[in-house]
Amino acid sequence: MRVIGIETSCDETAVAVYDAARGLLAHRLYSQIPLHRAYGGVVPELASRDHVRRLLPLVREALADAGTDRRTIDGVAYTAGPGLIGALLVGAGFARSLAYAWERPVVPVHHLEGHLLAPLLEADAPGFPFLALLVSGGHTQLVDVRGLGDYRILGESLDDAAGEAFDKTAKLLGLPYPGGAALARLAETGRPGRFVFPRPMLDRGGLDFSFSGLKTAALVALRGRLLDDETRADVARAFEDAVVDTLAEKSRRALEATGRRSLVLAGGVGANRRLRERLREVARASGAALHVPRPEFCTDNGAMIALAGCMRLQTGAHRDVSITARAAWELGGQLTGV
Ligand code: KG4
Ligand code: ZN
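Predicted model, so just to flag it, every value in this text is computed and none were measured.

## Focus: the pairing of strand β1 (residues 2–7)
With six of its six residues buried, β1 lies for the most part within the structure. Alternating positions in β1 separate into two faces, R2, I4 and I6 on one and V3, G5 and E7 on the other, with burial throughout. Pairing of β1 with strand β2 (residues 12–19), which is carried by six bridges, proceeds in the antiparallel orientation. Paired with I4 across the two strands is V17, which belongs to β2.

And the structure:
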C-alpha cells in the first residue's frame, strides 16, 4: 500500500509518499513564510494562490525522490481540515483531480490526526494506546489516543492555543512572523527568574489550558521599560518557562489519570527544545516513554498526511465521491461535503 499525501491547510505546501511496508519514501515542503512576512501573518488569499502554483512541481519532485511514478501509488490523501478554507479547497480539488486522473481512491485526512500520528514516522514509534499532547498554532489538547480514529479529548485550551500565544508574544517583542521559533531562540539567552509569569490553570483541577493571559503578562512586563535586547530576552524566557511548566504539569497529571505508558508530543510547538526536554523528564518520572517526531515533522508537513491516509486506506475507509473540506472540524467529528 503506497499513498501520496498533500498538505495545504495553512502556509506550507507539502507533498510526501508513504509506503506501508517501507515507510516514508519522500517528502517535500515549500514554505510560504517569505511571502507573508511583510504582512506580519498569513494572508489567506495569497496562501491559496501560492498552493496552486506549488503543488504540481512538488508532486513531481516527491515522486522522483521516491524513485517511483504514479503507477505505484494506491491512493491520494489530502488535508480536509481544519485550516484556512481557501487553502484547504486548493488541496482538496487538486487531490481529487489527481485521484480521478490516476483512477485511485482519495482519502480526506484530519490535520490533527496527521499530527497525532506523526511519531509513527520515526524508528521508535509508539503503539496504541498512547497519551498525546498536541500543541500547534490553532490547537492545544491532551488526547487519549486509543486507536486509529478513537480519540478522547481530556483537556484543551479555553482561549489561545500555545502556538498562538507564542506568536502573539513574539509580535509584542518585535520579532518577525512566524514568531514562535524566534521567541524560543531569544529565550535561550534570557535569564530565568528576572520576570515570573503565572502558570495558568495549575491551581485548578481538570486538564484544560488558558494561555491568553500570558501575552498580557508580557505586555505588562514590557510597559515603561527600555526595550533593550536583554529585557526582551528575559521576557521571552519568562514566557517560555510559564508555557513549558504548564504543559508539563498538565501532561504529568494526564499520565497519572490515564496510566498510559507512552506520551506523544505533537504539533508545531513540539519543535520547542525546552518543552521536549521537560516532557522527557515528566515521562521518565511517570514510568512512561516520550515519543516525539523530529522537529520538521512536528510542524506542518506532508509526511504525516501520507501516513495517516495510508493507515485510513488500509482500514478500507475512503471516499471517492465529493470534494470535502472544512475550516472548522473537531477531532472525531463527521466530515461533510462542501
Ligand atoms: O503544527 P503547526 O506547524 O501548524 C498548525 O497546525 O498550527 O504549528 C505552528 C505553531 C506556530 O504557532 C509556531 O509559532 C509554533 O508552532 N512553533 C514553535 C516552535 N516552532 C514552531 N513554538 C515554540 N517553539 C518552537 N521552536
Ligand atoms: Zn498543524
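Alright, that's what it looks like, and here's the rest.
## Here we look at the sheet that holds strand β8 (residues 150–156)
Pairing is mixed in the open sheet, where five strands are placed in the order β8-β7-β6-β9-β10. Edge strands, defined here as strands with exactly one partner in the open sheet, are β8 and β10 (289–291). For this sheet, the mean inter-axis angle between neighbouring strands, taken without regard to orientation, is 25 degrees. Here strand β6 (residues 130–135) pairs with strand β7 (residues 140–147) via six bridges, running antiparallel. Note on β7: the bridge partner recorded for L134 is Q141.

## Notes on unusual backbone geometry
For the peptide bond that leads from G81 to P82, omega is -10 degrees, which places it in the cis range. Considering the arrangement of structural elements, one finds P82 in the loop between β4 (75–81) and α3 (85–102). Between Y177 and P178 the backbone carries a cis peptide bond, its omega angle lying at -10 degrees. Although it is not a glycine, E103 adopts a positive phi angle of roughly 55 degrees. As for its position among the elements, E103 is in the loop between α3 and β5 (106–110). Among the residues examined, E103 registers a relative accessible area of 68% and is labelled exposed. Phi at M201 is positive, roughly 70 degrees, even though this residue is not glycine. Residue position: M201 is located in the loop between α6 (179–187) and α7 (212–222).

What counts, and where the lines are drawn
- Within each chain, residue numbers correspond to sequence positions counted from 1 in written order.
- The lettering of chains begins at A and the numbering of ligands begins at 1, in the order of writing.
- Given that the model is predicted, a residue must reach a pLDDT of at least 70 before its local features are reported, and side-chain atom pairs must reach 80 or more before they are shown or counted; all residues, however, enter totals for whole chains, interfaces and linings.
- Side-chain measures here rest on the full set of heavy atoms in the structure, leaving out hydrogens and waters.
- Buried, partly exposed and exposed residues are distinguished by accessible area as a fraction of the type maximum, computed with a 1.4 Å probe on protein chains only: under 20%, between the cut-offs, and over 50%, respectively.
- Each helix corresponds to a stretch of at least 4 residues labelled H or I by DSSP, and each strand to a stretch of at least 2 residues labelled E; elements are numbered beginning at the N terminus.
- Strand pairing requires that DSSP identify at least two bridges connecting the strands.
- What counts as an axis is a line fitted to C-alpha atoms, over the stretch in contact for a helix, and the angles between N-to-C directions run from 0 to 180 degrees.

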